[in-house]
Amino acid sequence: MAVKSLRQPENLIPEARMTTVKILVMGPEDTYDVSTMKLTVPKLASDGSNWTSYQERIINAIMSKKLHRHVIGTTRKPVALVEHDGSFFWDDNLLLPLSDKQLEEHEDAMEDWLQKEAMVRDIIYATVDQSMFHQIKGEATAAAV
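What comes next is a walk through the structure. (Residues numbered from 1 in each chain as written. Predicted model: local features only at pLDDT ≥ 70, side-chain atom pairs only at ≥ 80, totals over all residues. Heavy atoms only, no water.)

When its volume is computed, the second largest pocket comes out at roughly 270 Å³. Forming the walls of the second largest pocket are 15 residues, and the residues nearest its centre are Trp 51, Tyr 54, Ile 58, Ile 124 and Val 145. Only helix H1 (51-64) and helix H4 (130-136) provide two or more residues apiece to the lining of the second largest pocket. When residues in the lining of the second largest pocket are grouped by element, the largest group, 6 residues, is from H1. Residue composition of the lining of the second largest pocket, grouped by class: 14 nonpolar, 1 polar and no charged. (1 Å grid on protein atoms, 1.4 Å probe; cavity = no way out; pocket = protein on both sides within 12 Å on 5 of 7 lines; lining within 4 Å. Points joined across faces, edges and corners; volume = space filled by probe spheres on them. Helix = DSSP H or I, 4+ residues; strand = E, 2+ residues; numbered from the N terminus. Nonpolar A, V, L, I, M, F, W, Y, C, P; charged D, E, K, R; others polar.)

Spelled out as structure tokens, the structure:
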């Protein structure tokens, strides 16, 4: 068994650095350690023969990260804002521009949603082979994957 660590370059600004991700390799790369919680999920066999156990374990790993709603599709992406003359609005009515606080809260919500979507995708992508990855990579949401 070998453990490989992948790190982001140290020259990134502190907010952009990612934590160390450890990939636990057992045999012919048949498992993936999904992060600091050290949850080991089997890779999906290319022929799908382990689908039942894979599905249960991948859903459990995702639930343990509080990301289940992203898999079942019950999260809502924050609405896109409308920009006009340097101000941001909730819709095309352009009635009342968002305050700086509202804009910041919206951006935080959008970043949080995008981060969680990426986390789910990352877990799934790391546990499927290249062929399956190419089939699912373009889906619009994690739920569609």
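Now that the structure has been shown, the text picks up again.
What follows covers the packing of H1 against helix H3 (residues 100-126). Two numbers describe how H1 lies on H3: the axes approach to 11 Å, and their chain directions differ by 150 degrees. When the axes of H1 and H3 are compared, the pair comes out roughly antiparallel. Between H1 and H3 lies a crossing of right-handed hand. Contacts from Tyr 54, Ile 58 and Ile 62 of H1 reach H3 at Val 120, Ile 123 and Ile 124. Among the residues forming the contact of H1 with H3, the class breakdown is 6 nonpolar, no polar and no charged. (Axes fitted to C-alpha atoms, helices over the stretch in contact; angles between N-to-C directions. Parallel < 35°, antiparallel > 145°, perpendicular 65-115°, else oblique. Left-handed = near helix turned anticlockwise from the far one by under 90°. Contact = heavy atoms within 4.5 Å.)

Next up on the list: the nonpolar core. If you look at the biggest cluster of nonpolar residues, it comprises 15 residues, and the most contacted ones within it are Tyr 54, Ile 58, Ile 62, Val 120, Ile 124 and Val 128. Elements with a minimum of two residues in this core: H1 and H3. With residues near it in sequence (within four places) discarded, Ile 124 still touches Tyr 54, Ile 58, Ile 62, Ile 136 and Val 145. (Core = buried A, V, L, I, M, F, W, Y, C linked by side-chain atoms within 4.5 Å. Buried < 20%, exposed > 50% of the residue type's maximum accessible area, 1.4 Å probe, protein only.)

Attention shifts here to unusual backbone geometry. Even without glycine at this site, Lys 66 takes up a positive phi of about 60 degrees. Relative to the helices and strands, Lys 66 is located in the loop between H1 and helix H2 (68-72). Although it is not a glycine, Asp 85 adopts a positive phi angle of roughly 50 degrees.

Time to look at the pattern of salt bridges. Counted according to the given criterion, the structure contains 1 salt bridge. Residue Asp 112 is joined to Lys 116 by a salt bridge in which the shortest nitrogen-to-oxygen separation is 3.4 Å. Here Asp 112 pairs with Lys 116, and both are found in helix H3, just 4 residues apart, close to one helical turn. Residue Asp 112 is classed as partly exposed on the basis of its relative accessible area of 35%. (Salt bridge = Lys/Arg side-chain N within 4 Å of Asp/Glu carboxyl O.)

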